[in-house]
Amino acid sequence: ELQPSEFMQVADSTWLVLSVVSNGREPPGCQATGVTKIARSVIAPLAEHHVSVLMLSTYQTDFILVRERDLPVVIHTLAGEFDIYREEGGECVPVTCDDVSNGFLKPKPAASPTLHPVQSPQTRFCVLTVAPDTLPAIATMLIDVLFYSHSPPREVDGSSQDLDSITFFSFSLIEGYISIVMDAETQKRFPSDLLLTSSTGELWRMVRIGGQPLGFDECGIVAQIAEPLAAADISAYYISTFNFDHALVPEEGIAEVIQLLQQRQESSR
């Protein structure tokens, strides 16, 4: 319904959403949540088969977006590990490799992925949700924060390894569930009794991936972050955007995360 405009840039791919539903068979010692929980079983195999993904973590769950044209490769890659279903008319219908065999092309071996620079601003973030029936009470504040309060982002030198702060606000509404990421200072502007967070009320720090806009044709960007964090059993909340990728990790673990990612960069040179 959005009218064509010189101000709107649209990626040329159509994307499909994958959601991974637990069947209760995770090993008892698996404590990591977010993107790291599915790093070994979904993200790494797709990267190995040269499938580009976009990640969207929400307060409730995580979604993986894949290009529609990559669906045959995705199903062939994941069918050995997962029961795969597609939604038709509100019903879940099993999908088998045979269903997409006509469009399946054996994937080319993936080239060694580019390891993009990472930056860690000092900004502290909150991951929140809000009950849908209370949304009208904060609607005016949301509109102000989303469209009016923040000045345009300053240009960042791609060689810079550190940022003092970053302007970042994420709002998603998926099947009635609301998820919000905002910095701790912005949170103070909202009524505290309407914003819901985990019982620990933990704060998060961000790792931003990419010194310049990443595009959509490269694979392995999410895996660059997810795999080392999964190996260290560190939770991460991951949001891909049109230009950059962002991983949020618990504040107390940011030093370890930076060290892990720097070691990966050095070992790949």
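Here the structure is shown first, and the text comes after it.
Quantities reported herein were computed from a predicted structural model and do not represent experimental measurements.

(A) Focus on helix α5 (residues 221-231). Counting buried residues along α5, nine of its eleven residues qualify, which places the element largely inside the surrounding structure. Positioned one or two residues after α5, Asp233 has a phi angle of 60°, which is positive.

(B) A look at the pairing of strand β10 (residues 204-209). Most of β10 is tucked away, with six of its six residues classed as buried. Along β10, one buried face is formed by Trp204, Met206 and Arg208 and the opposite face, lined by Arg205, Val207 and Ile209, is buried too. Relative to β10, strand β7 (residues 124-128) is paired through two bridges, and the arrangement is antiparallel. Considered in β10, the bridge of Phe125 is made with Trp204. Pairing of β10 with strand β12 (residues 245-250) involves six bridges; the strand directions are antiparallel. Bridge pairing links Arg205 to Val249 in β12.

(C) A look at the pairing of strand β11 (residues 237-240). Going residue by residue along β11, you find Tyr237 and Ile239 tucked away on one face and Tyr238 and Ser240 tucked away on the opposite face as well. Direction of pairing for β11 relative to β12: antiparallel, over a ladder of four bridges. From the neighbouring strand, Tyr237 faces β12, where its bridge partner is Leu248. Here β11 hands over to β12 after four residues, the two strands then running antiparallel side by side.

(D) Just the packing of aromatic side chains, in detail. Considering all chains together, one arrives at two aromatic pairs under this definition. Between Phe125 and Phe168 the ring centres are 6.1 Å apart and the planes differ by 85°, which places this aromatic pair in the edge-to-face class. Of the two residues, Phe125 is situated in strand β7 and Phe168 in the loop between α3 (135-149) and β8 (170-174); the sequence distance between them amounts to 43 residues. Between the NZ or CZ atom of Arg208 and the centre of the ring of Phe244, over which it lies, the distance is 4.2 Å.

Rules of the game
- Residues numbered from 1 in each chain as written.
- Predicted model: local features only at pLDDT ≥ 70, side-chain atom pairs only at ≥ 80, totals over all residues.
- Heavy atoms only, no water.
- Buried < 20%, exposed > 50% of the residue type's maximum accessible area, 1.4 Å probe, protein only.
- Helix = DSSP H or I, 4+ residues; strand = E, 2+ residues; numbered from the N terminus.
- Pairing = 2+ DSSP bridges.
- Phe/Tyr/Trp six-rings, centres within 6.5 Å; stacked < 30°, edge-to-face > 60°.
- Lys NZ or Arg CZ within 6 Å of the ring centre and 35° of its normal.

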